[in-house]
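Working through the structure, step by step
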Amino acid sequence: MNLKTRKLLDRSFSGMGLVAIAVMAMALVVILAPIIGKGAGAFIFRGTIEHRKVMFNCWNRGNPDQMAEEIAQTDAARQPIYELISTFEAELKEMARTDRKPYKQPLRDLKKAVAGLLGPTPGARTPVLMRQQYGATRKDRADIKLDEILYTEEWDYSNPDAMGVLVKTPRAEQFAGTSLEPLFRTLEKNIDAMLQTHLTFYWQFLIDTSKDSHIFGGIGPEVLGTLYLTLGAMLFAIPMGVIAAIYLCEYAKEGRVISFIRTCISTLAGVPSIVFGLFGLAFFLNTIHISDSKSVLAGSLTLALLVLPTVIRSSEEAILAVPRAYKEAAMSLGAGKWHTVLTVILPAALPGILTGVVISMGRAAGETAPIIFTAAVSVGRPLLPLQTLSQPTPALPWNIYNLCTEHEAVDEIRHVQFGMVFTLIAIVLLLNTVAIIMRARISKKLRG
Amino acid sequence: MSASSSRWRRFGAMLGQGSLFLVTSLSTFAVFFIFYFIAKDAIPFFQMEGFKEFFASTSWYPSGHPAEFGALSIFFGTAIVTFGAVVVAVPLGVSAAVCLSDVLPFSARQVVKPVIEVLAAIPSVAYGFFALVVLAPLLQEQGGTVLSLVSWLVLGPVLILAVFVFGDLIADRAPERFQRSVRWGSILLLGALGLVLMQSLSTTLSTIEITSGTNALNVSLILGIMALPTVVSVSEDALQATGRDLREGSYALGATRAETIVRTVIPASLSGILAAVILGVMRAVGETMVVWMASGNSARLPSPLYNVLQPVRTLTATIAGDMGEADHVTGSSRFHVLFAMALCLLLFSFIMNLVSEAIVRRSRKKLNT
């Protein structure tokens with residue numbers, strides 16, 4: 001082959017590697033960007049007066065005088081809309097039955113759409129469902145609801161070969177020539193006065209309970225549940241893992257038994273997480289009845305088994321990385337083996353062990369499959385520490401799944417879903433960053 | 001006096017060591033318990049329903065009357081998404097590993113490592129969420145455009161390279177005098193041919209309409225990305241383990257870096273790379289949340305079989321999804337069939353694990369001698 005071609009091949013070979021790494025980095029950016037971008041929207045968004053009403057009524061947040069003033073202002077701005085509707089309703093009553101009929105259904109739809117944006121009509125009976133007691137709480141939702149008022153949407157399937165096409169027609173056409181027609185322009189023009197949107201920083205999203213299955217409120221119980229599960233898992237996994245690592249490094253004599261144990265550890269690491277979940281169900285719940293129903297305790301034990309191999313391996317690595325000289329110095333001073341391990345080796349290996357522990361914590365916090373059958377429920381109250389022994393809990397990973405596949409109003413609560421994923425990833429990445437920094441420090445120290 | 005105290009001390013040390021050993025062997029117990037308890041609930045299924053239907057039939061109607069438990073399409077679903085993940089993860093992962101171990105300088109490696117770690121750390125449910133909420137609608141609405149764009153991005157550079165290399169190879173055969181003109185002529189000819197092929201491919205791809213964004217392609221992509229960190233780090237270890245002497249020998253014979261890596265380093269570390277692939281496969285087979293959320297969960301064989309644009313269903317997703325309904329009727333074959341699936345998964349990962357361990361052990365022995 002020509003030398004030039006060989007060079008070209010060589011270059012493109014290196015290029016291929018670089019492209020692979022670039023693709024990897026790009027995948028990371030592509031996956032994280034929407035999650036972080038939209039997830040931040042759960043905390044920082046343009047909140048309407050309806051959001052402040054929810055905050056005030058459910059959590060007593062906000063200044064009562066200011067709230068009263070704002071409510072008075074927005075009610076005043078909304079008054080013309082309701083007046084237009086009631087005038088039109090009065091007009092309808094005057095009309096002949098046949099003239100009235102074509103307006104009946106459109107008017108009902110319109111009133112429903114208006115209630116979606118602004119909340120129930122003043123003076124009407126308070127709806128039972130909380131989601132119907134308030135209008136749109138966020139500017140982005142309000143824009144969609146406004147669009148629903150202004151236009152009707154229909155799917156056109158007239159072409160059987162292609163997918164359906166969305167057709168939007170202005171709702172004003174339905175009421176052309178009636179006294180209701182100006183409503184749409186008024187609504188569009190005065191929407192800001194009716195909703196009074198402000199930039200809102202809703203950090204309490206992290207600690208609030210959810211109202212009406214996550215349509216209002218925050219993700220407090222889920223965050224708390226994840227913390228319980230993670231801490232519980234580490235409570236079991238750390239002692240077991242570190243002790244096993246000490247034994248394997250310092251006491252065990254390489255032989256059949258030890259190599260068998262090592263094979264078991266790597267088998268344990270390879271068991272699919274869903275199998276851990278089934279095992280937790282079959283053993284902890286159905287066989288030894290650790291609790292009557294699913295519980296945080298059963299979930300923590302299952303997760304502990306899942307992260308055990310990681311903890312063992314990283315602790316082993318950390319212990320092996322302790323220079324031999326430390327151990328020999330301690331021994332030569334007359335310390336026993338156990339004494340040496342406790343006072344010299346463990347303290348020296350501690351940062352390395354902690355690094356592995358922190359990474360395993362991230363893993364335990366994010367795992368879903370093992371807790372489906374052992375610990376997680378979709379809706380629940382935040383638990384007290386003692387209740388974790390016997391009661392299930394909502395947890396971030398499970399509720400992310402649940403909200404984006406099984407919730408009855410999936411599109412209404414996209415911001416909550418993104419907020420949850422954002423929170424979970426933030427927790428996991430925070431733990432990993434801690435681990436990366438700790439490891440950098442250790443390697444610096446070991447290099448001197 | 002001193003003799004008895006030293007005996008006590010030795011006894012204490014033995015006791016201490018014994019208890020340490022006991023804690024260490026907990027993971028052994030765990031493995032045995034997992035096998036025992038999964039098998040205990042799986043065997044009743046095979047006693048009740050036998051093996052044949054489960055492994056050979058594709059009709060999966062666990063709640064029908066009579067219930068049918070043909071899991072072949074579910075096994076096939078697992079196989080196809082795993083294969084897809086391997087197709088994505090292995091070329092990317094191995095080239096990234098080569099680049100990390102042989103091309104990039106140490107300081108650049110320190111920057112890339114955290115990227116891999118973060119990819120590995122992102123919880124599976126977050127990947128699943130991305131697949132369901134971001135990727136699936138994108139595929140469903142812009143499917144054809146996305147596919148043709150990706151085909152250009154992937155095949156374009158390959159095409160350019162192939163054109164130059166083949167042009168060169170053809171020119172080598174030509175007599176000395178015409179070499180230059182033959183080279184450029186064949187490059188132009190091949191380039192034009194390639195362009196026409198690419199164009200027709202991308203127009204065919206862009207007319208494809210994806211009826212459901214939650215399909216095998218979507219899941220394979222995401223599973224591939226999830227398996228990448230494993231493949232990269234394990235195969236990088238394998239490449240590093242092949243010492244400098246092999247590389248320097250090859251350089252001394254006048255090989256370029258690419259030739260050294262392809263002809264010498266990769267063959268020498270092939271077993272390690274194989275272990276990396278196996279671990280990647282294990283990751284993809286055992287993954288639950290992504291496939292449960294974004295595979296469409298339809299227990300039918302796609303038609304034709306290689307059609308990755310249709311929804312599939314996997315073992316893990318079936319276990320996760322059906323347990324909720326089966327929970328109330330503990331003891332029925334509907335409950336036990338899920339354990340039978342878990343047993344299959346468990347045996348598969350166990351065997352794969354043993355194989356990869358054996359491969360690594362053998363290659364280590366070979367490198368040491």
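Residues numbered from 1 in each chain as written. Chains lettered and ligands numbered in written order. Predicted model: local features only at pLDDT ≥ 70, side-chain atom pairs only at ≥ 80, totals over all residues. Heavy atoms only, no water.

Notes on helix α8 (residues 256–270) of chain A
Think of an α-helix as 3.6 residues a turn; residues three or four steps apart then line up on the same face. Given a rise of 1.5 Å per residue, 15 residues ought to cover 21 Å, and the 21 Å separating the end C-alpha atoms of α8(A) matches this to within 8%. When α8(A) is considered as a whole, its buried residues turn out to be A:Ile258, A:Ile261, A:Thr263, A:Cys264, A:Ile265, A:Ser266, A:Thr267, A:Leu268 and A:Gly270. (Helix = DSSP H or I, 4+ residues; strand = E, 2+ residues; numbered from the N terminus. Expected span 1.5 Å × (residues − 1). Buried < 20%, exposed > 50% of the residue type's maximum accessible area, 1.4 Å probe, protein only.)

Considering the interface of chain B and chain A
Contact with chain B, which involves 88 residues of that partner, is made by 82 residues of chain A. Across the chain B to chain A interface the summed buried area is about 7,200 Å²; carbon plus sulfur atoms make up 81%. Area buried by chain B at its contact with chain A is led by B:Leu20, B:Thr24 and B:Phe129, which between them contribute 9% of it. Counting the contacts that link chain B with chain A gives two salt bridges. Close ionic contact of B:Glu259 with A:Arg6 constitutes a salt bridge, the shortest N to O distance being 2.9 Å. Counting every contact that joins chain B to chain A gives nine residue pairs in polar contact (both at pLDDT 80 or more). The element contributing the most residues to the side of chain B that touches chain A is helix α6 (residues 124–173) of chain B, with 15 residues. (Contact = heavy atoms within 4.5 Å. Buried area = accessible area lost by both parts, 1.4 Å probe. Salt bridge = Lys/Arg side-chain N within 4 Å of Asp/Glu carboxyl O. Polar contact = N/O pair within 3.5 Å; in protein donor to acceptor, adjacent residues only side chain to side chain.)

Here's the deal with the nonpolar core
Residues A:Val275, A:Leu278, B:Ile38, B:Phe54, B:Tyr127, B:Leu223 and B:Met341 are the most contacted members of the largest nonpolar core, which totals 177 residues. Ignoring sequence-local partners within four residues, the contact set of B:Tyr127 consists of A:Ile31, B:Leu119, B:Ile122, B:Ile222, B:Ile225, B:Met226 and B:Val290. (Core = buried A, V, L, I, M, F, W, Y, C linked by side-chain atoms within 4.5 Å.)

Here we look at the packing of helix α10 (residues 296–320) of chain A against helix α12 (residues 337–366) of chain A
Residue and element names in this part refer to chain A. Between α10 and α12, the shortest axis-to-axis distance is 8 Å and the interhelical angle comes to 150°. In terms of orientation, α10 and α12 fall into the roughly antiparallel class. In this structure, α10 meets α12 at a crossing whose hand is right-handed. Residue-level contacts link Leu303, Leu306, Val307, Thr310, Val311, Ser314, Ser315, Ala318 and Ile319 of α10 to Ile345, Ala349, Gly352, Ile353, Gly356, Ser360, Arg363 and Ala364 of α12. (Axes fitted to C-alpha atoms, helices over the stretch in contact; angles between N-to-C directions. Parallel < 35°, antiparallel > 145°, perpendicular 65-115°, else oblique. Left-handed = near helix turned anticlockwise from the far one by under 90°.)

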